[in-house]
Amino acid sequence: MTTSTRGAAKTPAVLVLEDGRVFRGRAYGAVGATFGEAVFSTGMTGYQETLTDPSYHRQVVVMTAPHVGNTGVNDEDMESKKIWVSGYVVRDPARVPSSWRSKRTLDEELDAQGVVGISGIDTRALTRHLRERGAMRVGIFSGDAVSDEATMLAEVRKAPEMTGADLSAEVATKEAYVVPAIGEKKFTVAAVDLGIKGMTPHRMAERGIEVHVLPATASVEDVYAVDPDGVFFSNGPGDPATADHPVSVMRAVLERGTPLFGICFGNQILGRALGFGTYKLKYGHRGINQPVQDRTTGKVEVTAHNHGFAVDAPTDKVSDTPFGRAEVSHVCLNDNVVEGLQLLDKPAFSVQYHPEAAAGPHDAAYLFDRFVSLMEGQRA
């Protein structure tokens, strides 16, 4: 429920967590009510890419950086055609954006797209609360939507939880489309869109790959109708335990031995396809400053993350799977969470983070080259 109202910055707003914690501030963006899962993002820049990342569907994002909106909004940095977050929480919004690329303020963009937000609250206290108690349901209320705390809390607790949510088809493309190779075409890749970010096929196109982006509902026949040299499974929102269809498609790809690469949700799909379980993290990894070690090289990368679920695979041994031996290739150095998988007997690998990283960092861009190498090896 939203109503577009300029001058919202003077309108009182209330944030209510499902455990009863309440924060009071001012409306930011649209005025009304919104619900979702409260999560925090540690990036100090790249807020426009965060807002338009389909993986944030049905989540209320708390920005840990205190000053947000200082470069405004432009028309080039969108990762998709719209803002996907269900709500936005900032401490000190910029009063006037300062960038030659800015077309409008962040407040105006949120308002235009009906995204309810709140500003002027202690986001450090809110982040500490979520770190201690975990991601949870939340509501933001402003304008006429504000009522007594008991009523607002009851509305929050009626909202659906993220566990068990099947969301990828809600954000994926409905029709297939093609991103042409930049320069000479070297390979064709079928990319299953589970919530793909615009920069991902662009990174492949830069390497001479023609990318056929397919809906989340694409069948095995749809995938191989484009005669792919490789198959890609994208990032996306929701609980991977619900993704039975993408798992079945991936297993068929693995059986054929086609080079395969997965990112984020795609990593969880590969985990399930190999027989591993998945589980919900307490508060997840989000932002553009997460340390990950590539165990195949020993290299430590600063990486961009957005995931609330993880693969439950052993990090201390090689595992036997229906498709041969598999190992954990990457781990998060903060908590040892699985951040990548690779098969040792077939050309397939995945990572839990985002090597396309439009807002940076670019430490992991080599993974697209690794995918190219798999396709070159298969062709040879």
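Residues numbered from 1 in each chain as written. Predicted model: local features only at pLDDT ≥ 70, side-chain atom pairs only at ≥ 80, totals over all residues. Heavy atoms only, no water.

Colleague: So what about the side chain of His-212? Which residues, and what values?
Modeller: Examined against the element boundaries, His-212 turns out to sit in strand β13 (residues 209–214). If sequence neighbours within four positions are ignored, His-212 has contacts with Tyr-177, Val-178, Thr-188, Val-189, Ala-190, Ala-191 and Val-226. (Helix = DSSP H or I, 4+ residues; strand = E, 2+ residues; numbered from the N terminus. Contact = heavy atoms within 4.5 Å.)

Colleague: An account of the packing of helix α8 (residues 244–256) against helix α9 (residues 265–273) is requested, with residue identities and associated values reported.
Modeller: At a minimum axis separation of 9 Å, α8 and α9 run at an interaxial angle of 70°. Our classification of the angle between α8 and α9 gives roughly perpendicular. In the crossing of α8 with α9, the sense of the turn from one axis to the other is right-handed. The residues of α9 that touch α8, namely those facing Asp-244, Pro-246, Val-247, Met-250, Arg-251 and Leu-254, are Gly-266, Ile-269, Leu-270, Arg-272 and Ala-273. When the residues that make up the contact of α8 with α9 are grouped by side-chain class, the tally is seven nonpolar, one polar and three charged. (Axes fitted to C-alpha atoms, helices over the stretch in contact; angles between N-to-C directions. Parallel < 35°, antiparallel > 145°, perpendicular 65-115°, else oblique. Left-handed = near helix turned anticlockwise from the far one by under 90°. Nonpolar A, V, L, I, M, F, W, Y, C, P; charged D, E, K, R; others polar.)

Colleague: So what about helix α4 (residues 149–158)? Which residues, and what values?
Modeller: All buried positions along α4 are accounted for by Met-152, Leu-153 and Val-156. Taken down its axis, α4 places every buried residue within 100° of arc, on the same side. Exposed side of α4, more than 90 degrees from the buried face: Ala-150 and Lys-158 are the residues found there. Elements that come into contact with the buried residues of α4 comprise β2 (12–17), β4 (31–41) and β10 (136–142). (Buried < 20%, exposed > 50% of the residue type's maximum accessible area, 1.4 Å probe, protein only. Arc of directions from axis to C-beta.)

Colleague: Give me the lowdown on the pattern of salt bridges, citing residues and values where you can.
Modeller: For the structure shown, the criterion picks out 21 salt bridges. Here Arg-379 makes a salt bridge to Asp-229, at a shortest N to O gap of 3.3 Å. Taken as a pair, Arg-379 in helix α10 (residues 366–379) and Asp-229 in the loop between α7 (220–225) and β14 (230–233) lie far apart in primary sequence, 150 residues in all. Accessibility expressed as a relative area gives 52% for Arg-379, which makes it exposed. Relative accessible area serves as the criterion here: at 24%, Asp-229 is assigned to the partly exposed category. (Salt bridge = Lys/Arg side-chain N within 4 Å of Asp/Glu carboxyl O.)

Colleague: Residues and numbers for the nonpolar core, please.
Modeller: Across soluble globular proteins, nonpolar side chains have a tendency to be buried as a group. Core analysis: the biggest nonpolar cluster contains 37 residues, and Val-223, Phe-233, Met-250, Leu-254 and Leu-274 have the highest contact counts within it. In contact with Val-223, not counting residues within four places along its chain, are Ala-190, Val-192, Leu-214, Pro-228, Val-231 and Val-249. Within the second largest apolar cluster, 25 residues are counted, among which are Val-213, Phe-261, Ile-263 and Phe-371. (Core = buried A, V, L, I, M, F, W, Y, C linked by side-chain atoms within 4.5 Å.)

Colleague: Help me get a handle on the UniProt feature "binding site: L-glutamine" (unreviewed entry) in the protein chain, residues and values and all.
Modeller: Feature annotation in UniProt places "binding site: L-glutamine" (unreviewed entry) on Ser-55, Gly-236, Gly-238, Phe-265, Gln-268, Asn-306, Gly-308 and Phe-309, given in this structure's numbering. Across 255 residues in sequence, these annotated residues keep their C-alpha atoms within 13.3 Å of one another, forming a single compact spot. If you trace the backbone, Gly-238 turns up in the loop between β14 and α8. By relative accessible area, Gly-238 is classed as buried at 11%. When neighbours within four sequence positions are excluded, Gly-238 is seen to be in contact with Met-162, Ala-165, Leu-167, Phe-265 and Phe-309. Along the chain, Asn-306 falls in strand β17 (residues 299–312). Not counting chain neighbours up to four residues away, the residues in contact with Asn-306 comprise Asp-53, Ser-55, Tyr-56, Gln-59, Cys-264, His-285, Arg-286 and His-354. At 3.1 Å, the side chain of Asn-306 and the side chain of Asp-53 are in polar contact. (UniProt positions renumbered as here; feature names shortened; annotations may be inferred. Polar contact = N/O pair within 3.5 Å; in protein donor to acceptor, adjacent residues only side chain to side chain.)

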